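Coordinate analysis (summary)
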Amino acid sequence: MGTMPLTPADIRNKKFHTVRLRPGYNEEDVDALLDRIEATLVALEGGPRKGPLITAEEIRNSRFRTTRMSPGYREDEVDDFLDTVIADLAGRGLGQPAPPPLPPHPNQDDPRRSAAPAPGHPGASVPGGGGPGAGDPRAGGRPAPRPPAGRPVPSGPRMTPDDIRNQRFATTRLTTGYNEQEVDEFLDRAEYTLGVLLQGRQDRATLTSGEVERAQFATTRARPGYDPAQVDRFLDVLADELRLYEHH
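Model, not experiment: these values are computed from the prediction.

Turning our attention to the side chain of Thr-193. Along the chain, Thr-193 falls in helix H6 (residues 180-198). Judged by its relative accessible area of 0%, Thr-193 falls in the buried class. Those residues in contact with Thr-193 that lie beyond four places of it in its chain are Ala-205, Thr-206, Leu-207 and Leu-242.

In structure tokens:
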């Protein structure tokens, strides 16, 4: 089963263990951020909107004061929970600042970095794939999508949200690569979409097979980026997977 979308109650009722003899996160700082996240989810569910919606990027860039001689929240627990929130908000289209208008009736280090695809993983070998293996308009990047006619379409769903979350790409340093943050945020949307599709909630999907095929990412030249061939092949598999749900 896919991960259920977060609700305001999930945020309001979240508890973290307290540390006293080692560094922790300032409880007031964390609670204030959770209040903003809860308010955003309330607005997304059609409730009153209090101020701007928080985005996944804002949460990713948030910083907390640390505690040493006073109680604080366990840092790893807070970080893990915020990773879940980031993926959820990115899946709803709130990955970057200046989020899209509120819909009228809306119904984690990242493991993808610096590693090759695991053997047997959908990203490791795809028929027809060539080569080894979100704010601004995306320049350069992925070539025009190949038509799916040349690839056999599986008879039923074969990918899970965990497959997307755990997908790894090799990192390029001396050759052109894809911007890692843009790819990660796009795959966060894909993970959320596949989760709701597995629950039979097509109305909550935020990504289509066509959008996956047309995806483009900024390129990197003087800094690390994801191997374009590996990303493109995985997106081909992902587009085929989403197409299975669209054809039912």
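Next, the rest of the story.
This brings us to the nonpolar core. The nonpolar side chains of a soluble globular protein tend to be buried, and buried together. Core analysis: the biggest nonpolar cluster contains 25 residues, and Ile-37, Ile-59 and Leu-89 have the highest contact counts within it. When residues of this core are traced back to their parent elements, those giving at least two are helix H2 (27-44), helix H3 (56-60) and helix H4 (75-91). The next biggest cluster of nonpolar side chains, apart from the first, holds 23 residues, and it includes Leu-197, Val-212, Ala-215 and Ala-239.

A few words now on the pattern of salt bridges. This model, assessed by the stated rule, comprises 14 salt bridges. In this structure, the salt-bridge partner of Arg-65 is Asp-29, at a minimum N-O distance of 2.9 Å. You can see Arg-65 sitting in the loop between H3 and strand S3 (66-67) and its partner Asp-29 sitting in helix H2, a full 36 residues away along the chain. Three or more residues joined by partner-sharing salt bridges are found here, namely Glu-57, Arg-60 and Glu-185.

On to the confidence of the model for the protein chain. Put simply, the protein chain has an average pLDDT of 77, and 73% of its residues get 70 or more. Confidence scores differ between elements of the protein chain, with strand S7 (residues 219-220) showing the lowest mean pLDDT of 84 and helix H1 (residues 8-12) the highest of 95. Of the regions scoring below 50 in pLDDT, residues 98-109 engages in 20 contacts with residues more than four places distant in sequence or in other chains. Predicted confidence for residues 114-154 stays below pLDDT 50, and this span has 81 contacts to residues more than four positions away or in other chains.

Turning our attention to H2. With 18 residues, H2 should reach 26 Å at 1.5 Å per residue; the first-to-last C-alpha distance of 26 Å fits that figure. Every buried residue of H2 is listed here: Val-30, Leu-33, Leu-34, Ile-37, Glu-38, Thr-40, Leu-41, Ala-43 and Leu-44. Elements in contact with the buried residues of H2: H1, strand S2 (24-25), H3, strand S4 (72-73) and H4. At the N-terminal end of H2, a side-chain oxygen is found 3.0 Å from the backbone nitrogen of Glu-28, two or three residues along, and the residue is Asn-26. Downstream of H2 by one or two residues, Gly-46 has phi in the positive range, about 95°.

Here Ile-11 is to be found in helix H1. In this structure the C-alpha to C-alpha distance between Ile-11 and Ala-39, which are 28 residues apart in sequence, comes to 9.6 Å. Once you skip the residues sitting within four places of it in the chain, Ile-11 turns out to touch Leu-6, Leu-34, Ile-37, Glu-38, Leu-41, Phe-81 and Val-85.

Between H2 and H4, the shortest axis-to-axis distance is 12 Å and the interhelical angle comes to 25°. Considering the angle they form, H2 stands roughly parallel to H4. When you trace H2 past H4, the crossing you get is left-handed. Here Val-30, Leu-33, Leu-34, Ile-37, Thr-40, Leu-41 and Leu-44 of H2 lie close against H4, whose contacting residues are Val-78, Phe-81, Leu-82, Val-85, Asp-88 and Leu-89. Grouping the constituent residues of the contact of H2 with H4 by class yields eleven nonpolar, one polar and one charged.

On to the packing of aromatic side chains. Any aromatic ring pair is given by two values, namely how distant the centres are and how the planes are angled relative to each other. Summed over all chains, the structure comprises seven aromatic pairs. Considering the side-chain rings of Tyr-178 and Phe-217, the 5.4 Å spacing of their centres and the 50° angle between planes classify their relative orientation as tilted. Here Tyr-178 is found in strand S6 (residues 177-178), whereas its partner Phe-217 is found in the loop between helix H7 (209-214) and S7, with 39 residues between them in sequence. Judged by relative accessible area, which is 2%, Tyr-178 ranks as buried. Judged by relative accessible area, Phe-217 falls into the buried class, the value being 1%. When the centroid spacing of 5.7 Å and the interplanar angle of 80° are considered together, the rings of Phe-186 and Phe-217 count as edge-to-face. Of this pair, Phe-186 sits in helix H6 while Phe-217 is found in the loop between H7 and S7, placing the two residues 31 residues apart along the sequence.

Cut-offs and rules
The residue count restarts for each chain, going from 1 along the sequence in the order it is written. Per-residue local features are limited, in this predicted model, to residues with pLDDT of at least 70; the limit for side-chain atom pairs, both in listing and counting, is 80 or more; totals at the level of whole chains, interfaces and linings are taken over all residues. In computing side-chain properties, one takes all heavy atoms of the structure into account and sets aside hydrogens as well as water. Put simply, DSSP marks the helices as runs of H or I at least four residues long and the strands as runs of E at least two long, and each gets a number from the N terminus on. Each residue's exposure class comes from its accessible area (1.4 Å probe, protein chains only) as a fraction of the maximum for that residue type: buried when under 20%, exposed when over 50%, partly exposed otherwise. Contact criterion: two residues are considered in contact whenever any of their non-hydrogen atoms come within 4.5 Å of each other. We call a set of buried residues a nonpolar core when its members are Ala, Val, Leu, Ile, Met, Phe, Trp, Tyr or Cys and they connect through side-chain atoms within 4.5 Å of each other. A pairing counts as a salt bridge when a side-chain nitrogen of Lys or Arg comes within 4 Å of a carboxyl oxygen of Asp or Glu. How sure the predictor is of each residue is captured by pLDDT, a score from 0 to 100. To estimate the expected span of a helix, subtract one from its residue number and multiply by 1.5 Å. Between N or O atoms, a polar contact is any pair within 3.5 Å; within protein, one atom must be a potential hydrogen donor and the other a potential acceptor, and residues adjacent in sequence are included only when both atoms are from side chains. Angles shown run from 0 to 180 degrees and are taken between the N-to-C directions of axes, each axis being a line fitted to C-alpha atoms and, for helices, limited to the stretch in contact. Orientation categories follow fixed angle ranges, with anything under 35 degrees roughly parallel, anything over 145 roughly antiparallel, 65 to 115 roughly perpendicular, and all other angles oblique. Two helices that cross are described as forming a left-handed crossing if the nearer one is turned anticlockwise from the farther one by less than a right angle, and a right-handed crossing if clockwise. When residues are sorted by character, Ala, Val, Leu, Ile, Met, Phe, Trp, Tyr, Cys and Pro go into the nonpolar class, Asp, Glu, Lys and Arg into the charged class, and all the rest, Gly among them, into the polar class. Geometry of aromatic contacts follows a simple scheme: Phe, Tyr and Trp rings, the Trp one being its six-membered ring, pair when their centres are within 6.5 Å, and the pair is stacked under 30 degrees between planes, edge-to-face over 60, tilted otherwise.

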